[in-house]
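Chains, contacts and geometry: an overview
One-letter residues, chain by chain:
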There are 2 protein chains.
Amino acid sequence: MTDPVNRRVLLTARPDGIPAAKHFAIDEVAVPEPDDGQVLVRNHWLSVEPAMRGWVSLESNYSAPVPLGAVMRSFASGRVVSSRHPDFQPGDYVTGMLGWQDYAVASPETLRRIDETDLPLSTSLGVLGLNGVTAYFGLREAGRPRPGDTVVVSTAAGAVGSCVGQIARNMGCRTVGIAGGPAKTGLCRNEFGYDAAIDYKAGHDLDTAIATACPDGVDVYFDNIAGPISDAVMRHLAVGARVVICGTVSVTTWTPPPLGPRVERHLLAKRATMQGFLATDWTDRFGEARSALAAWIREGKLTYKEDILDGLEQAPGAIGGLYRGDNLGKRLIRLVDEQQEGPRAE
Amino acid sequence: MTDPVNRRVLLTARPDGIPAAKHFAIDEVAVPEPDDGQVLVRNHWLSVEPAMRGWVSLESNYSAPVPLGAVMRSFASGRVVSSRHPDFQPGDYVTGMLGWQDYAVASPETLRRIDETDLPLSTSLGVLGLNGVTAYFGLREAGRPRPGDTVVVSTAAGAVGSCVGQIARNMGCRTVGIAGGPAKTGLCRNEFGYDAAIDYKAGHDLDTAIATACPDGVDVYFDNIAGPISDAVMRHLAVGARVVICGTVSVTTWTPPPLGPRVERHLLAKRATMQGFLATDWTDRFGEARSALAAWIREGKLTYKEDILDGLEQAPGAIGGLYRGDNLGKRLIRLVDEQQEGPRAE
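Remember, it's a predicted structure, so these values are computed and weren't measured experimentally.

1. Some remarks on the overall build of chain A
- Along the backbone of chain A there are 9 helices and 16 strands.
- Over its C-alpha trace chain A gives a radius of gyration of 20 Å, about what one expects of a compact globule, namely 20 Å for 346 residues.
- Classification of the 346 residues of chain A by burial places 58% in the buried group.
- Contacts in chain A between residues far apart in sequence, at least 24 positions, make up 67% of those at least 6 positions apart.
- Summing over all exposed atoms, chain A offers an accessible surface of approximately 13700 Å²; the carbon and sulfur share of this is 50%.
- In chain A, the 35 positive side-chain charges and the 41 negative ones have mean positions that sit 6 Å from each other.

2. Observations regarding the domain arrangement of chain A
All names here are of chain A.
- Each assigned domain of chain A is listed with its residue range as follows: domain 1 (5-126 + 304-341) and domain 2 (130-280).
- For domain 1 and domain 2, the distance between their C-alpha centres works out to 28 Å.
- Domain 1 puts 20 residues into the contact, and the matching count from domain 2 is 17 residues.
- For the pair domain 1 and domain 2, the summed buried surface comes to about 1500 Å²; carbon and sulfur atoms form 56% of the total.
- It is Arg53, Lys305 and Leu328 that lose the most area in domain 1 upon contact with domain 2, and together they represent 31% of the buried surface on that side.
- Applying the counting criterion to the domain 1 and domain 2 interface returns 0 salt bridges.

3. Here we look at the environment of B:Gln314
Residues and elements named next belong to chain B.
- Take glutamine 314: it is sitting in the loop between β15 (306-310) and α9 (318-324).
- For the pair glutamine 314 and isoleucine 333, spaced 19 residues apart in sequence, the C-alpha to C-alpha distance is 7.1 Å.
- Residue contacts for glutamine 314: discarding those within four places in its chain leaves Leu309 and Ile333.

4. Focus: the interface of chain A and chain B
- Contacts between the two partners involve 36 residues from chain A, matched on the other side by 35 residues from chain B.
- With both sides pooled, the region where chain A packs onto chain B buries about 3300 Å², and carbon together with sulfur makes up 59% of that total.
- Contact with chain B buries area across many residues of chain A, yet A:Arg262, A:Arg265 and A:Leu268 alone supply 25% of it, more than any other trio.
- Where chain A packs against chain B, one counts 4 salt bridges.
- The tally of links between chain A and chain B comes to 12 residue pairs in polar contact (both at pLDDT 80 or more).
- The biggest single contributor to the side of chain A that touches chain B is helix α7 (residues 264-269) of chain A, with 5 residues.
- Here the side of chain A that touches chain B is built from residues that sort into 18 nonpolar, 10 polar and 8 charged.
- Pairing of strand β13 (residues 259-261) of chain A with strand β13 (residues 259-261) of chain B involves 3 bridges; the strand directions are antiparallel. Its bridge partner being in β13(B), A:Leu259 is matched across the sheet by B:Pro261.

5. Overview of the relation of the copies chain A and chain B
- With an RMSD of 0.0 Å, the fit of chain A onto chain B corresponds to turning through 180° and sliding 0.1 Å along the axis. Within this description, the copies of the chain are treated as partners about a two-fold rotation axis.
- Interface overlap between copies: 97% of the residues of chain A at the interface are likewise at the interface in chain B, consistent with a symmetric, same-surface contact.

6. What about the pairing of strand β5 (residues 93-96) of chain A?
All names here are of chain A.
- Side chains of β5 alternate between two faces, with Tyr93 and Thr95 and Val94 and Gly96 buried alike.
- Across 4 bridges, strand β4 (residues 76-83) lies against β5 in antiparallel orientation. Residue pairing in the sheet places alanine 76 in a bridge with glycine 96 of β5.

7. Thoughts on the packing of helix α2 (residues 130-143) of chain A against helix α3 (residues 159-170) of chain A
Residue and element names in this part refer to chain A.
- One can describe the packing of α2 onto α3 by two numbers: an axis separation of 8 Å at closest approach and a directional angle of 45°. If you check the angle between α2 and α3, you find them oblique. The handedness of the crossing between α2 and α3 is right-handed. Facing α2, whose interface residues are Asn131, Gly132, Thr134, Ala135, Tyr136 and Leu139, α3 presents Ala159, Val160, Cys163, Val164, Ile167 and Ala168.
- Residues that form the contact of α2 with α3 fall into these classes: 9 nonpolar, 3 polar and no charged.

8. What to know about the nonpolar core
- Formed by 118 residues in total, the largest nonpolar core has its most connected members in A:Trp100, A:Met274, B:Trp100 and B:Met274.
- Counting 40 residues, the second largest nonpolar core, distinct from the first, contains A:Val164, A:Ala168, A:Leu187 and A:Val244.

9. Section: the UniProt feature "domain: Alcohol dehydrogenase-like C-terminal" (unreviewed entry) in chain A
- Per the UniProt record, "domain: Alcohol dehydrogenase-like C-terminal" (unreviewed entry) is found at residues 159-289 of chain A.
- Here residues 159-289 of chain A is 35% helix and 24% strand, with 16 Å between the C-alpha atoms at its ends.

10. Concerning the packing of aromatic side chains
- In this structure the tally under the stated criterion is 12 aromatic pairs over all chains.
- A ring pair is formed by A:Phe137 and A:Trp282, whose centres lie 5.2 Å apart and whose planes are at 15°; its orientation type is stacked. Residue A:Phe137 is located in helix α2, and its partner A:Trp282 is located in the loop between β14 (273-276) and α8 (286-298); the two are separated by 145 residues in the primary sequence.
- We classify A:Trp282 as partly exposed; its relative accessible area is 22%.
- Arranged with centres 6.5 Å apart and planes meeting at 55°, the rings of B:Tyr136 and B:Trp296 form a pair that is tilted. On the criterion of sequence distance, the pair formed by B:Tyr136 in helix α2 (residues 130-143) and B:Trp296 in helix α8 (residues 286-298) is long-range, its members being 160 residues apart.

Reading guide: rules and limits
- Note on numbering: residues in each chain are counted from 1, in written sequence order.
- Starting at A for chains and at 1 for ligands, labels are handed out in the order in which the entities are written.
- Whole-chain, interface and lining totals are the exception, using all residues; otherwise, since this is a predicted model, local features are given only for residues with pLDDT of at least 70 and side-chain atom pairs are given and counted only at 80 or more.
- Side-chain measures here rest on the full set of heavy atoms in the structure, leaving out hydrogens and waters.
- In DSSP terms, a helix is any run of H or I states spanning at least four residues, a strand is any run of E spanning at least two, and both are numbered starting from the N terminus.
- Computation of the radius of gyration draws on C-alpha atoms, with the globule rule given as 2.2 Å multiplied by the number of residues to the power 0.38.
- Burial here depends on accessible area, computed with a 1.4 Å probe over protein chains only, as a share of the maximum for the residue type. Under 20% is buried, over 50% is exposed, and the range in between is partly exposed.
- Residues count as neighbours in contact if any of their non-hydrogen atoms are within 4.5 Å of one another.
- Using a 1.4 Å probe, accessible areas were evaluated by the Shrake-Rupley method; residue-level cover was limited to the displayed protein chains.
- For this count, His and the chain ends are skipped, Lys and Arg are scored as positive, and Asp and Glu as negative.
- For the purpose of locating charges, the reference atoms are NZ of Lys, CZ of Arg, CG of Asp and CD of Glu.
- Residue ranges labeled as domains rest on an automatic or database domain assignment.
- The buried area of a pairing is the accessible area, by a 1.4 Å probe, that goes missing from both parts when the two are put together, added over both.
- For this analysis, a salt bridge means a side-chain nitrogen from Lys or Arg found within 4 Å of a carboxyl oxygen belonging to Asp or Glu.
- Whenever a nitrogen or oxygen atom comes within 3.5 Å of another N or O atom, the pair is scored as a polar contact, on the condition that within protein one atom can donate a hydrogen and the other can accept it, and that pairs from neighbouring residues in sequence are kept only if both atoms are in side chains.
- Residues are grouped as follows: Ala, Val, Leu, Ile, Met, Phe, Trp, Tyr, Cys and Pro are nonpolar; Asp, Glu, Lys and Arg are charged; all remaining types, including Gly, are polar.
- In this analysis, strands are considered paired if DSSP registers two or more bridges between them.
- A least-squares fit on C-alpha atoms brings the copies together, and the residues used are those whose pLDDT is at least 70 in both copies.
- A fitted line through C-alpha atoms represents every axis, and for helices the fit uses only the stretch in contact; the resulting angles, taken between N-to-C directions, go from 0 to 180 degrees.
- Note on terminology: angles under 35 degrees are roughly parallel, angles over 145 are roughly antiparallel, angles of 65 to 115 are roughly perpendicular, and the others are oblique.
- Definitions for this section: a left-handed crossing has its near helix turned counterclockwise from the far helix by less than a right angle. A right-handed crossing has that turn clockwise.
- Among buried residues, the Ala, Val, Leu, Ile, Met, Phe, Trp, Tyr and Cys ones that are joined through side-chain atoms within 4.5 Å form a nonpolar core.
- UniProt positions are given in the numbering used here, feature names are shortened, and annotations may be inferred rather than shown by experiment.
- Two aromatic rings, drawn from Phe, Tyr or Trp (for Trp, its six-membered ring), form a pair once their centres lie within 6.5 Å of each other, and the interplanar angle then sorts them: stacked below 30 degrees, edge-to-face above 60, tilted otherwise.

Dropping the structure here:
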């Protein structure tokens, strides 16, 4: 009953910087058969994320690089097609590191069964996936916001940033989003509830804009970008500020590291902290984050945007756009249109 | 019975960078009389410290700048000459922000009576003064060392650094000191008990030297300098490393901030923290630090070096040498030779 063919996106060249379509190729192979104890999953949604630059890089990083010739590493969500494990049945919705491909064979310990069947399956890759738990733990554990704090977020309309801004607002903070262009700052104000939004592309003096939006200084800066915009935020830290380094999307290469203004004096004069944060250090507590995030969604206190590209063939070129800021919301590749499959919750 | 004259070092010009003799003048005025509730102190020892660059600067900083024409701000220790406050008697040893001058009138709330009369009075300005409490709280609270951690210290033979290294060793850490020249690295190994010492002036490749001294990476970096040496240490952080920013002595001006390699990728890949630390945020707990430090001194587990200049006229030119690394140990100005005064403890 399964398709005869599994299309796979393979990494075929090692990018020097941001991965582009030319670094990948699509092949077609037979759909794999699960071994005893494994399941076969039909992927419905593939994730596209800035971290993929790191996953394919040989630079010192936090995970082993994807080998050349291998299926591109990716979170994906889908439905169990056949199972040789007693805990999974055909029809179960699951998510995991299933790769950029139509079908994946997986062992149960690498899968999560999706319990939030009242919410769209795609949320398992965004606001209830790594983006959401990154926002949740990065803000709470590294940012340590207190009610009344001013929290500034870069890529404020993005998959992680929009979630950070809304969690901070839900925690009683004043929130200021930095994003590029009126469409994104409009989203910040009207969809994500930021108290102020700064358009870094508008040609304003960024220092003046930050000072105006943050009259008492910046208590928490949740940074997804690094670079000149973040340099400006650093000049406005409040005493005791916490800077969460969650991504460096504005920097195209770290070999060698680009130069920027030294931060030591800001940190010393303001007794501030900069902390690198990776959600994967918090996997033991992901369930706690998902429960809180799902509850906020159901209460109408947490919303999200998705930027959907249709078809596996869109994947290879989809990373670059994240670095250019092309997307409005979480970028996803849709392989199966669930509208045609009927309702999910049973 | 007091001297008829109070010599004072006045700030007469605003330095652009490191304060030098030309920015100060010495005048002579009558010894002041204490008002009701005040005491008159004869200073025996004046402190000289890198932070004085900040104290005279108009740049954004953590204290209001010393006004032009005012006595140079400084910690000093001495003996009460006359008292119009019931809690202080002539002969009491005290320390406080008494300034670069022979005599100072002070209110009791700005003074600390020195209880450690079995230890030399000069320790109240170094290992039992701001240097010691900076090392104690900076290492423990911002560095958070665990037994077995590798702790790297810059200006490792200096007044703060030597104390950091020894506290870390007392806490069960492996300690690596970075200092300039064989005299200082010799002190590191032979006096301050570092497990390894790196001479950054020896022409070795610093990355190789750090990698050799820290085969498991750097868990804590206690940084007093900023600049290229610290940049090299950042390349060797272990996962979860803590970088304590305690000083920036290698940077001659912050207007504008100098450029350096961006740190965000190191922080992210290693989930590391950089934190600015000022001991003055911990004044409520200074007593705890002094007790622990004094106990270690008495047990022979904490030693210190002093670099003593004789006479008030040495003070104006004494700051620059700290930035050139001229001094071996805590730099002090001696105004009164206590050997000629007999024993202190009564």
